[in-house]
Amino acid sequence: MYLFSRLPRAKMIARTHRCPHLDDMSIAHEHLLEIREMVKDHLAHHEERRLTPQREEELKQQFRERLARENAAMVAHYYTADVVQDLAEETGGMVGDSLEMARFGTEHPGDTLVVAGVKFMGESAKILTPEKRVLMPTLEATCSLDIGCPIEEFGPFCDANPDRTVVVYANTSAAVKARADWVVTSGIALPIVRHLHGHGEKILWAPDRHLGEYVREQTGADMLLWEGSCVVHEEFKGFALERVRRLHPGAAFLVHPESPHDVLEQADVVGSTTALIKAVTQMPNDEFIIATDDGIFWKMHQLAPGKKLISAPTAGAGATCESCAHCPWMAMNSLQNLEQVLIKGHNAIEIDAQIREGAVKSIQRMLDFAAEHGISGAPPGCTWPVARSIRSPATA
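Just so it is clear, the model here is predicted, and its values are computed rather than measured.

Trainee: What is the right way to read the overall build of the protein chain from this model?
Mentor: In terms of helices and strands, the protein chain carries 16 helices and 13 strands. Looking at the 396 residues of the protein chain, the share that counts as buried comes to 59%. In the form shown here, the protein chain has an accessible surface area of approximately 15,900 Å², with 50% of it arising from carbon and sulfur atoms.

Here you go:
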């Protein structure tokens, strides 16, 4: 077994340390209730925005021409629609995970970066390339982990625990990253926390509780956990998965570490989006059951066309199925708003200089650690992408 190993209530809890004064329902929860209604409305009207093949090609051609005129490049996340991913690669951009999207901008000579993903990804790109204009198809595309960890609550939580090293997941706002000591991705969280634990440091972790709990189990670190989760991965059901595995006994089970414990414990591979893609291409199995956003299937099919991909179940008792293995905010990235963003030049990401200064330090600390230790965030036996150090504008 290879190991990297509900909507967030956004209450700050510790599994071994309770914080009574922080145990009430948070403002983030109220925001999430509003966001859930927005998601339902978006999903209900999404079918109306389907394009004819002719109109789709017209929009793609217009976008290609405008990218060239604007000296711009496009990056897209693995969870976006297949037509969006293809357009990024066809125009000389790239498709990748959130950190690779941000890194691409540091190496591309263009003046503008169009980021097809969710808002924290655009912010990460702006943090690392403040001199570039960073545009997004929509600023409404957010993330439940980001929403569930507002700086208005996270800051006081950190202040109440000054003896702890603050480690935050990449799926957070620029302001939360600025408050942190370290930013981590799912591919490097384990070795960084193991390193900190080895130096006797106690950890304050945010925002994903499932990833946090797994890292704590594997490292033995003293970790105070923020209680957040991803609306997509939270919906995977361990009991339903057992039935699917019986129907496909030869399938390998691949899981993103934001998934619940009863799903993770059944996994053959636990890893980041890039790691799961590599597993499909490298493992000998003909079938794969995959517990992450099904947008990733497009790249998997491209790289391993002979493999059968099965989405892990979200249905069954206790499943709300409001996401059903696809992030509704990722689905907000479309050809229509991609084409419009360059015409109008709107949806630009702006970050306060002081916030950016703090955020770039916590991100660079992660990149420097990976480069210094020559690690990818994966234990022996699993091939993972190596995080490389970059010279950000703040450190150049």
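Trainee: Help me out: how do you make sense of the nonpolar core in this one?
Mentor: Proteins that are soluble and globular tend to have nonpolar side chains buried together. Judged by nonpolar contacts, the single largest core of 104 residues is most densely connected at Met74, Val115, Phe154, Trp205, Leu254 and Met300. In terms of residue count, helix H16 (residues 353-373) provides more of this core than any other element does, seven residues in total. Look past the residues within four positions of Met300 in its chain and what remains in contact with it is Leu276, Ile277, Val280, Ile290, Pro305 and Leu309. Counting 16 residues, the second largest nonpolar core, distinct from the first, contains Tyr214, Phe253, Val270 and Ala325.

Trainee: Got a minute to help me understand the side chain of Ser173 in this structure?
Mentor: The topology assignment puts Ser173 in the loop between strand S6 (164-169) and helix H8 (174-179). Apart from the residues lying within four places of it in its own chain, the contact partners of Ser173 are Glu123 and Asp146.

Trainee: Sorry if this is basic, but what is going on with the layout of surface pockets here?
Mentor: Gaps left between atoms are located by rolling a probe of water-molecule size over the structure's atoms. If you add up the space inside the second largest pocket, you get close to 270 Å³. Taken together, 15 residues line the second largest pocket, and the ones lying closest to its centre are Lys119, Asp146, Ile147, Pro150 and Ser173. When residues of the lining of the second largest pocket are traced back to their parent elements, those giving at least two are helix H5 (119-128), helix H6 (144-147), helix H7 (151-159) and H8. Sort the elements by how many residues they give to the lining of the second largest pocket and H8 lands first, with three residues.

Trainee: Please clarify how the pattern of salt bridges should be interpreted in this entry.
Mentor: Oppositely charged side chains are able to pair whenever their charged atoms sit close together. Taken as a whole and assessed by the stated rule, the structure comprises 13 salt bridges. The shortest N-O distance in the salt bridge between Glu57 and Arg64 comes to 3.3 Å. A relative accessible area of 38% means that Glu57 is categorised as partly exposed. Arg64 gets classed as partly exposed once you look at its relative accessible area, which sits at 23%. The closest approach of N and O atoms between Asp163 and Lys202, which form a salt bridge, is 2.5 Å. On the criterion of sequence distance, the pair formed by Asp163 in the loop between H7 and S6 and Lys202 in strand S8 (residues 202-206) is long-range, its members being 39 residues apart.

Trainee: Any chance you could explain the packing of H5 against H16 here in plain terms?
Mentor: Between two packed helices, the angle of one axis relative to the other and the distance separating the axes together describe the packing. Between H5 and H16, the shortest axis-to-axis distance is 9 Å and the interhelical angle comes to 95 degrees. Taken together, the axes of H5 and H16 are roughly perpendicular relative to one another. Contact residues: H5 offers Lys126, Ile127 and Leu128, while H16 offers Arg356, Ala359, Val360 and Ile363. Along the lines of polarity and charge, the residues of the contact of H5 with H16 split into five nonpolar, no polar and two charged.

Trainee: How should I be thinking about the environment of Glu201 in this particular structure?
Mentor: Assignment of secondary structure puts Glu201 in the loop between helix H9 (189-198) and S8. Along the sequence, Glu201 and Asp222 sit 21 residues apart, while their C-alpha atoms lie 8.0 Å from each other. Side chain to side chain, Glu201 and Thr165 meet in a polar contact 2.4 Å long.

Trainee: Teacher, can you tell me more about the sheet that holds strand S3 (residues 94-96) here?
Mentor: Sheet strands associate in pairs through backbone hydrogen bonding, adopting either a parallel or an antiparallel arrangement. Read from one edge to the other, the open sheet built from four strands follows the order S3-S2-S4-S5, with strand pairing classed as parallel. Each of the sheet's edge strands pairs with one partner strand only, and the pair in question is S3 and strand S5 (133-135). Within the sheet, the average angular offset between the axes of one strand and its neighbour, ignoring direction, is 25 degrees. With three bridges connecting them, strand S2 (residues 72-77) and S3 associate as parallel partners. Each bridged residue has a counterpart across the sheet, and for Ala76 the counterpart in S3 is Val95. With respect to the sheet, helix H4 (residues 98-107) is in contact with S2, S3 and strand S4 (112-116), its orientation differing from that of S2 by roughly 170 degrees.

About the cut-offs
Residues numbered from 1 in each chain as written. Predicted model: local features only at pLDDT ≥ 70, side-chain atom pairs only at ≥ 80, totals over all residues. Heavy atoms only, no water. Helix = DSSP H or I, 4+ residues; strand = E, 2+ residues; numbered from the N terminus. Buried < 20%, exposed > 50% of the residue type's maximum accessible area, 1.4 Å probe, protein only. Areas by Shrake-Rupley, 256 points an atom, 1.4 Å probe, with all protein chains shown as cover. Core = buried A, V, L, I, M, F, W, Y, C linked by side-chain atoms within 4.5 Å. Contact = heavy atoms within 4.5 Å. 1 Å grid on protein atoms, 1.4 Å probe; cavity = no way out; pocket = protein on both sides within 12 Å on 5 of 7 lines; lining within 4 Å. Points joined across faces, edges and corners; volume = space filled by probe spheres on them. Salt bridge = Lys/Arg side-chain N within 4 Å of Asp/Glu carboxyl O. Axes fitted to C-alpha atoms, helices over the stretch in contact; angles between N-to-C directions. Parallel < 35°, antiparallel > 145°, perpendicular 65-115°, else oblique. Nonpolar A, V, L, I, M, F, W, Y, C, P; charged D, E, K, R; others polar. Polar contact = N/O pair within 3.5 Å; in protein donor to acceptor, adjacent residues only side chain to side chain. Pairing = 2+ DSSP bridges.

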